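Residue-level structural notes
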Amino acid sequence: MGGGLILLVVVLAAASAAGFAMRRRQGRFRSTGDAAIVPVAAPDTVLTAADLGAPLGERATLVQFSSEVCAYCGPTRELLTEVARDRDGLAFVEIDATERFDLTKRLRVFSTPTVLVLAADGSIVERASGRPRKSDVLAAVGTALGEPAGKGDSEAAGE
């Protein structure tokens, strides 16, 4: 009986550690160059207005993959809409993952919301799965716009 209890405690500890690690990564943007962390179809994947069904932003585009049953999609949509509205040349496009299975498969979108940050040419600069924080969205947009790190931090204070 004592060995079974020890095994149970070890399994619970391992499962808890894995759960905390997964939760910590949720909503964090990761550069597409780090394929070991975030699988992307290819680092040079470029999305066009035809792919998105909407025009790209002049300077950058935020793309959100959503689904009907997604609890965090609504708040993420509101956040991305606000960020796009506050930045010149930044567009926001929402895509229903169930209607655009071709894109979800091509881009390896496994959960919603998944957010992509595209450069002006449509290349994927950053991506996140889960509900992102405003400061992380602003930092990812800054990367896409080629802004120095830290720019926009005062805007993020209003999270």
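This report concerns the structure included in the present document. Values in this document were obtained by computation on a predicted structure and should not be read as measured data.

Regarding its fold elements, the protein presents 6 helices and 5 strands. Starting at the N terminus and walking to the C terminus, you meet the elements of the protein as α-β-α-β-α-β-α-β-β-α-α. Relative to its full complement of 159 residues, the protein shows a buried share of 40%. Accessible area for the protein stands at about 9,000 Å²; split by element, carbon and sulfur atoms hold 57% of it.

To continue, consider the pattern of salt bridges. Close approach of charged atoms allows side chains with opposite charge to pair. Scanning the entire structure with this criterion turns up 7 salt bridges. Note that Asp-86 is salt-bridged to Arg-85, the shortest N-O span being 3.9 Å. One salt bridge connects Asp-102 with Arg-100, and the closest N-O pair in it is separated by 3.0 Å. A residue is classified by how much of its surface remains accessible, and Arg-100, at 23% relative accessible area, is partly exposed.

Leu-62, Val-83, Leu-90, Val-137 and Val-141 are the most contacted members of the largest nonpolar core, which has 17 residues in total. Mapped onto this core, the elements with two or more residues apiece are β2 (60-66), α3 (73-86), β4 (114-119) and α5 (134-145). The dominant element in this core, judged by the number of residues it contributes, is α5, at 6 residues. In contact with Leu-90, other than residues within four places in its own chain, are Ala-60, Thr-61, Leu-62, Val-83, Ala-84 and Val-141. Leu-52, Leu-107, Val-109 and Ile-124 belong to the second-largest nonpolar core, a separate cluster that totals 13 residues.

Once that is clear, we can look at the packing of α3 against α5. In the contact formed by α3 and α5, the axes pass within 11 Å of each other and the chain directions differ by 45 degrees. Relative to α5, the element α3 lies oblique. Along this stretch, α3 crosses α5, giving a crossing that reads as right-handed. The segment α3 lies against α5, with Leu-79, Leu-80, Glu-82 and Val-83 engaging Lys-134, Val-137, Leu-138 and Val-141. Taken together, the residues of the contact of α3 with α5 sort by class into 6 nonpolar, no polar and 2 charged.

The next thing to look at is the pairing of β4. Where a strand is regular, its side chains alternate between the two sheet faces. Most of β4 sits inside the fold, with 6 of its 6 residues counted as buried. Count of turn residues in the β4/strand β5 (residues 124-129) antiparallel hairpin: 4 residues, of which Gly-122 carries a positive phi of about 90 degrees.

We now examine the environment of Glu-99. Position of Glu-99 relative to the elements: it lies in the loop between β3 (90-96) and α4 (101-107). In sequence terms Glu-99 and Ser-66 are 33 residues apart; their C-alpha atoms lie 9.9 Å from each other.

Okay, the side chain of Thr-114 next. Among the secondary structure elements, Thr-114 is positioned in strand β4. Residue class for Thr-114 comes out buried when judged on its relative accessible area of 0%. A distance of 3.4 Å separates polar atoms of two side chains, one belonging to Thr-114 and the other to Ser-129. Thr-114 has contacts with Val-63, Gln-64, Phe-65, Val-109, Arg-127, Ala-128 and Ser-129, leaving out every residue within four places of it along the chain.

An ideal rise of 1.5 Å per residue puts 20 Å on 14 residues; α3 measures up with 20 Å between its terminal C-alpha atoms. Within α3, the full set of buried residues consists of Cys-73, Thr-76, Leu-79, Leu-80, Val-83 and Ala-84. Projection of α3 onto a plane perpendicular to its axis shows the buried side chains occupying an angular sector of 130 degrees, all on one side. Away from its buried face by more than 90 degrees, α3 exposes Glu-78 and Arg-85. Turning to α3, the residues buried within the fold contact β2, β3, β4 and α5.

Calculation notes
Residues numbered from 1 in each chain as written. Predicted model: local features only at pLDDT ≥ 70, side-chain atom pairs only at ≥ 80, totals over all residues. Heavy atoms only, no water. Helix = DSSP H or I, 4+ residues; strand = E, 2+ residues; numbered from the N terminus. Buried < 20%, exposed > 50% of the residue type's maximum accessible area, 1.4 Å probe, protein only. Areas by Shrake-Rupley, 256 points an atom, 1.4 Å probe, with all protein chains shown as cover. Salt bridge = Lys/Arg side-chain N within 4 Å of Asp/Glu carboxyl O. Core = buried A, V, L, I, M, F, W, Y, C linked by side-chain atoms within 4.5 Å. Contact = heavy atoms within 4.5 Å. Axes fitted to C-alpha atoms, helices over the stretch in contact; angles between N-to-C directions. Parallel < 35°, antiparallel > 145°, perpendicular 65-115°, else oblique. Left-handed = near helix turned anticlockwise from the far one by under 90°. Nonpolar A, V, L, I, M, F, W, Y, C, P; charged D, E, K, R; others polar. Pairing = 2+ DSSP bridges. Polar contact = N/O pair within 3.5 Å; in protein donor to acceptor, adjacent residues only side chain to side chain. Expected span 1.5 Å × (residues − 1). Arc of directions from axis to C-beta.

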